[in-house]
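# Residue-level structure breakdown
Each chain, letter by letter, is given below.
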Amino acid sequence: AFLRVRIWFLGGSVLKTLRQSQTEAGVNESLPSRELDASRERSGKCPGCNNFFTQINRHMHRCKAVQAMSSPKGGCCPGCNSTFPNLMKHMRRCCPEKLPRSSDQDAIAQQRKAQSPNDWLESESVAEAARASFAAMKDPLERRALELRFGIDQGGGRRSPAEVGMLLGGKYAKNPQTAQVLIRTAMNNIPLVADDPAELKVIFEDTDL
């Protein structure tokens, strides 16, 4: 009886080992086919996020920008060449100069000036203040990006983030989104203008301070 139990136990362990080896062999045989399918997948540029991928089909199934292309409000931004689910909302921050506007801009400007004459600033004054703010920036790359974006070298004609990236070159030319991030970072780093203390009136001054 002892010998029968031992033979039964050894036989079961042998069968279990054989089954495991067959399962591992089947897994190993399936691996080359998967790698072959992955190698056959083409590389290319995603139409949604405008980036290159070695496995474009796999990326497009997960890309939110591709999903946004089917949205009724979505579309491709002409400023940064990327797709967004709410195109108009994005363009107000990215390239407002490319939004559809009224043909009579002078009449609109005069109407706004009449509504608040004390707070109105002429375009020449705004351009001069912008040039002074850009010149006060310490980072030369950020200063260059803002000068190109707002067209300091071409009389105030704005450039899109994609055009700024092409002029900057490098990684900014390959991905306009990178140029857009640089422009936003530079705008946040513009130094604040100090008030003129000439007309400052001290109402109360603490001796301890």
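What comes next is a walk through the structure.

What counts and how
- Residues numbered from 1 in each chain as written.
- Predicted model: local features only at pLDDT ≥ 70, side-chain atom pairs only at ≥ 80, totals over all residues.
- Heavy atoms only, no water.
- Helix = DSSP H or I, 4+ residues; strand = E, 2+ residues; numbered from the N terminus.
- Buried < 20%, exposed > 50% of the residue type's maximum accessible area, 1.4 Å probe, protein only.
- Contact = heavy atoms within 4.5 Å.
- Areas by Shrake-Rupley, 256 points an atom, 1.4 Å probe, with all protein chains shown as cover.
- Axes fitted to C-alpha atoms, helices over the stretch in contact; angles between N-to-C directions.
- Parallel < 35°, antiparallel > 145°, perpendicular 65-115°, else oblique.
- Nonpolar A, V, L, I, M, F, W, Y, C, P; charged D, E, K, R; others polar.
- Core = buried A, V, L, I, M, F, W, Y, C linked by side-chain atoms within 4.5 Å.
- Salt bridge = Lys/Arg side-chain N within 4 Å of Asp/Glu carboxyl O.
- Arc of directions from axis to C-beta.

If you tally the helices and strands in the protein, you get 10 helices and 4 strands. Taken from N to C terminus, the helices and strands of the protein fall in the order α-β-β-α-α-β-β-α-α-α-α-α-α-α. Out of the 209 residues in the protein, the part that is buried amounts to 23%. Partitioning the contacts of the protein with sequence separation of at least 6, the portion at a separation of at least 24 is 30%. Put simply, the protein shows about 16000 Å² of open surface, and 55% of that area lies on carbon and sulfur atoms.

For the pair helix α7 (residues 140–149) and helix α10 (residues 176–188), interaxial distance at closest approach is 9 Å and the crossing angle is 105°. In terms of orientation, α7 lies roughly perpendicular with respect to α10. The segment α7 lies against α10, with Leu141, Glu142, Ala145, Leu146 and Arg149 engaging Leu182, Ile183, Thr185, Ala186 and Met187. Partitioned by chemical class, the residues of the contact of α7 with α10 number 7 nonpolar, 1 polar and 2 charged.

A word on the nonpolar core. Counting 11 residues, the largest nonpolar core is built from Phe134, Met137, Ala145, Leu146, Leu148, Val164, Tyr172, Ala179, Leu182, Ile183 and Ala186. Elements with a contribution of two residues or more to this core: α7 and α10. Top contributing element to this core by residue count: α10, with 4 residues. Leave out the neighbours within four places in its chain, and leucine 146 touches Phe134, Met137, Ile183, Ala186, Met187 and Ile190. Among the nonpolar cores identified, the runner-up in size contains 8 residues, and Cys77, Phe84, Leu87 and Leu99 belong to it.

Another aspect to go through is the pattern of salt bridges. Under the criterion given, the structure shown has 1 salt bridge. Notably, a salt bridge pairs arginine 159 with aspartate 153, separated by 3.0 Å at the nearest N-O pair. The exposure class of arginine 159 is buried, given its relative accessible area of 11%.

What follows is about helix α8 (residues 161–168). Residues lying three or four places apart along an α-helix face the same way, a consequence of the helix completing one turn every 3.6 residues. Along α8, the residues that are buried comprise Pro161, Ala162, Val164 and Gly165. The buried residues of α8 all sit within an arc of 160° when viewed along its axis, so they share a single face. Once α8 finishes, glycine 169 follows within two positions and takes phi at roughly 80°, a positive value.

Of all the positions in helix α4 (residues 87–94), only Leu87, His90, Met91 and Cys94 are classed as buried. Considered in projection along α4, the buried side chains sweep an arc of 100° and stay on one side of the axis. Opposite the packed face of α4, turned more than 90 degrees from it, sit the exposed residues Lys89, Arg92 and Arg93. Check the buried side of α4 and you find it contacts β3 (75–76), β4 (83–84), α7, α8 and α10.

Okay, the packing of α8 against α10 next. Taken N-terminus to C-terminus, the directions of α8 and α10 make an angle of 95°; their axes are 8 Å apart at the nearest point. By the criterion of interaxial angle, the relationship of α8 to α10 is roughly perpendicular. Residues Pro161, Ala162, Val164, Gly165 and Leu168 of α8 pack against Pro176, Ala179, Gln180, Leu182 and Ile183 of α10. By residue class, the composition of the contact of α8 with α10 is 8 nonpolar, 2 polar and no charged.

Attention now goes to the environment of cysteine 77. You can see cysteine 77 is positioned in the loop between β3 and β4. The spacing of cysteine 77 and leucine 87 is 10 residues in sequence and 6.6 Å in space, taken between C-alpha atoms. The contacts of cysteine 77, once residues within four sequence positions are left out, are Ser82, Phe84, Leu87, His90, Met91, Cys94 and Cys95.

As far as function goes, none of this settles anything; it's purely spatial.
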